[in-house]
Amino acid sequence: MEPARKPHSRSRSSRENGGVTHAWYSNPSARSWISPKPVADTRAFHRALPGYAPTRLINAPTLAAELGVAHVVVKEESLRIGLPAFKILGASYAISRALSARLGSDEALSLEQLHGKLDLTIVAATDGNHGRAVAHVARLVGLPARIHVPADITTEAKQAIAGEGAELVVLDEPYDAVVRHATAVAESLGEKGLLVQDSSWPGYEDVPGWIVEGYSTLFSEADEQLAAMGLPPATLVTAPSGVGALAEAALDHYRRGASDAPTVLVVEPEGAPCIIESLHAGERVDVEIGFSIMKGLNCGVVSPGAWPTLRDGTDASIVVAEKAAAEAVRDLQSLGIDSGPCGASSLAAVRALCADPARRADAGVDEHSVLVLLSTESLVANPIDL
Ligand SMILES: Cc1ncc(COP(=O)(O)O)c(C=O)c1O
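Residues numbered from 1 in each chain as written. Predicted model: local features only at pLDDT ≥ 70, side-chain atom pairs only at ≥ 80, totals over all residues. Heavy atoms only, no water.

## Section: the packing of helix H3 (residues 88–102) against helix H8 (residues 206–228)
Part 1 of the argument: Packing of H3 against H8 brings their axes to within 7 Å, and their N-to-C directions diverge by 135 degrees. With respect to each other, H3 and H8 are oriented oblique. Crossing hand, H3 versus H8: right-handed. Contact residues: Leu-89, Gly-90, Tyr-93, Ala-94, Arg-97, Ala-98 and Ala-101 in H3; Val-207, Trp-210, Ile-211, Glu-213, Gly-214, Tyr-215, Thr-217 and Leu-218 in H8.
Part 2 of the argument: Here the contact of H3 with H8 is composed, by residue class, of 10 nonpolar, 3 polar and 2 charged. (Axes fitted to C-alpha atoms, helices over the stretch in contact; angles between N-to-C directions. Helix = DSSP H or I, 4+ residues; strand = E, 2+ residues; numbered from the N terminus. Parallel < 35°, antiparallel > 145°, perpendicular 65-115°, else oblique. Left-handed = near helix turned anticlockwise from the far one by under 90°. Contact = heavy atoms within 4.5 Å. Nonpolar A, V, L, I, M, F, W, Y, C, P; charged D, E, K, R; others polar.)

Encoded structure:
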């Protein structure tokens, strides 16, 4: 197993250009790119999980009026299978597939079928939501979990992971270094360890691939909910992004050759713009990261496994300021939508897009458009000073 950093990436500080990073990327021709991967269908697996229900898709007409589009809907991932973020969709499916594979099955066995069948420790690195989801699923299948976190994540996030019964390992390192540490720990455990990480690299592709497939449930639900609400298909879907696995899942879902394929808007914090920098460079570029209230997006290294899909399928990418994300949290809260800073980055992003006529044109957004904002986490579990 290779460490998560590099290979095939070059390193650059996001502050080397006098603090300037790219604020916008557009490639409308990528909308007609077709994902070569088989269509994922993980809904039957998720439906069988205790506590599964589709998350809410909330119509927000005041936001549509503000942004000058026909409809804005928010997919609110504040309560997903009992947890306050979408990440359990990926963690549950990937853990099931990985444990099933060790039992010789290439299907996703149910968590009950897997319970007590194996003796190993599940290992992960996280900036919060992923690790909690991994710890939760480990508990459901009766296995110990060792979850590594950077010291600067919130106390609430640390407590939530420990509260799932996992061993919490706090490291005074940035997220990307914590991933390397967890990788080494899993390696040292050999067959007695299972690394569950959403970044992939050569030799470590299966688990991250299953995580990406698991996220497809979210997009299938949103499509069905739009139709059930009598609304047209999405014109634009936001993807708040850290290492790029969620954006990869969005592109795998929406890039299937349809003539009306939506724009997939990759959203990153200004201080962690690894995807937008890589898109402009045409190759993966690592960036140095600092503090962000958008903890789950604060990553400086694009997942190598996600990169080919992001490179070929991304038609729009934008960065959002910390203040704009905080303001979006407040505004969504006042609309009764529970959205943490990562989730609210979606609103900050479409605000920055819609205010600029050239960006609107690039993204194919007009007064008839339907914008789907993925609000990927709850504010309650990811609090900020408002
Ligand atoms: C709440 C939230 N939103 C979005 C993301 C971004 O996902 P990815 O790292 O797959 O780009 C994360 C990742 O941890 C997250 O926790």
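## A look at helix H6 (residues 155–163)
Part 1 of the argument: All of the buried residues along H6 are Ala-157, Lys-158, Ala-160 and Ile-161. The buried side chains of H6 occupy one side of the element, clustering within an arc of 160 degrees when seen end-on. The outward face of H6, more than 90 degrees from its buried face, is lined by the exposed residues Gln-159 and Gly-163.
Part 2 of the argument: At the exit of H6 stands Gly-165, carrying a positive phi of roughly 90 degrees. (Buried < 20%, exposed > 50% of the residue type's maximum accessible area, 1.4 Å probe, protein only. Arc of directions from axis to C-beta.)

## A few points about the pattern of salt bridges
Part 1 of the argument: On inspection of all chains with the given rule, the structure shows 18 salt bridges.
Part 2 of the argument: When the shortest N-O distance is used, the salt bridge between Arg-80 and Glu-77 registers 2.8 Å. For the residue pair Arg-80 and Glu-77, the accessibility class agrees, reading buried in each case.
Part 3 of the argument: Lys-87 serves as the salt-bridge partner of Asp-198, at 2.9 Å between the closest nitrogen and oxygen. Highlighted residues: Asp-198 in the loop between strand S8 (193–195) and H8 and Lys-87 in the loop between strand S4 (71–76) and H3, separated in sequence by 111 residues.
Part 4 of the argument: The exposure class of Lys-87 is buried, given its relative accessible area of 14%.
Part 5 of the argument: When salt bridges with common partners are traced through the structure, they connect Lys-75, Glu-77, Arg-80 and Glu-221 into a single cluster. (Salt bridge = Lys/Arg side-chain N within 4 Å of Asp/Glu carboxyl O.)

## Quick word on empty space enclosed by the protein
Where empty space is left can be seen by rolling a probe of water-molecule size over the atoms.
Part 1 of the argument: According to the stated counting rule, one finds 2 cavities of 30 Å³ or more in the structure shown.
Part 2 of the argument: Lining the largest cavity are 24 residues, and of these Phe-86, Lys-87, Asp-198, Gly-242 and Gly-296 sit closest to its centre.
Part 3 of the argument: Contributions of two or more residues to the lining of the largest cavity are made by helix H5 (129–140) and helix H9 (245–254).
Part 4 of the argument: In terms of residue count, H9 provides more of the lining of the largest cavity than any other element does, 3 residues in total.
Part 5 of the argument: Residue classes in the lining of the largest cavity are distributed as 12 nonpolar, 8 polar and 4 charged. (1 Å grid on protein atoms, 1.4 Å probe; cavity = no way out; pocket = protein on both sides within 12 Å on 5 of 7 lines; lining within 4 Å. Points joined across faces, edges and corners; volume = space filled by probe spheres on them.)

## Some details on the site of the ligand
Part 1 of the argument: In the vicinity of the ligand lie 16 residues, with Asn-129, Gly-242, Gly-244, Leu-246 and Thr-376 positioned nearest.
Part 2 of the argument: Contact distances for the ligand include 3.0 Å between an oxygen atom and a side-chain N or O atom of Lys-87.
Part 3 of the argument: One of the side-chain nitrogen or oxygen atoms of Thr-376 is found 2.7 Å away from a nitrogen atom of the ligand.
Part 4 of the argument: Expressed as a share of its isolated accessible area of 390 Å², the protein-covered part of the ligand is 98%. (Near = heavy atom within 4 Å. Polar contact = N/O pair within 3.5 Å; in protein donor to acceptor, adjacent residues only side chain to side chain. Areas by Shrake-Rupley, 256 points an atom, 1.4 Å probe, with all protein chains shown as cover.)

## Thoughts on the environment of Leu-279
Part 1 of the argument: Counting through the fold element by element, Leu-279 comes out in helix H10 (residues 274–281).
Part 2 of the argument: Judged by relative accessible area, Leu-279 falls into the buried class, the value being 7%.
Part 3 of the argument: C-alpha separation for the pair Leu-279 and Ala-40, spaced 239 residues apart in sequence, amounts to 25 Å.
Part 4 of the argument: Ignoring anything within four residues of it in the chain, the contact list for Leu-279 reads Tyr-25, Trp-307, Leu-310, Arg-311, Thr-314 and Ser-317.

## Things to note about the sheet that holds S8
Part 1 of the argument: Spatial ordering of the open sheet is given by S7-S6-S5-S8, a layout of 4 strands whose pairing is parallel. The open sheet has two edge strands, strand S7 (167–171) and S8, and neither has a second partner. Neighbour-to-neighbour, the strand axes of this sheet turn through a mean angle of 20 degrees, independent of strand direction.
Part 2 of the argument: Across 3 bridges, the pairing between strand S5 (residues 121–125) and S8 is parallel. (Pairing = 2+ DSSP bridges.)

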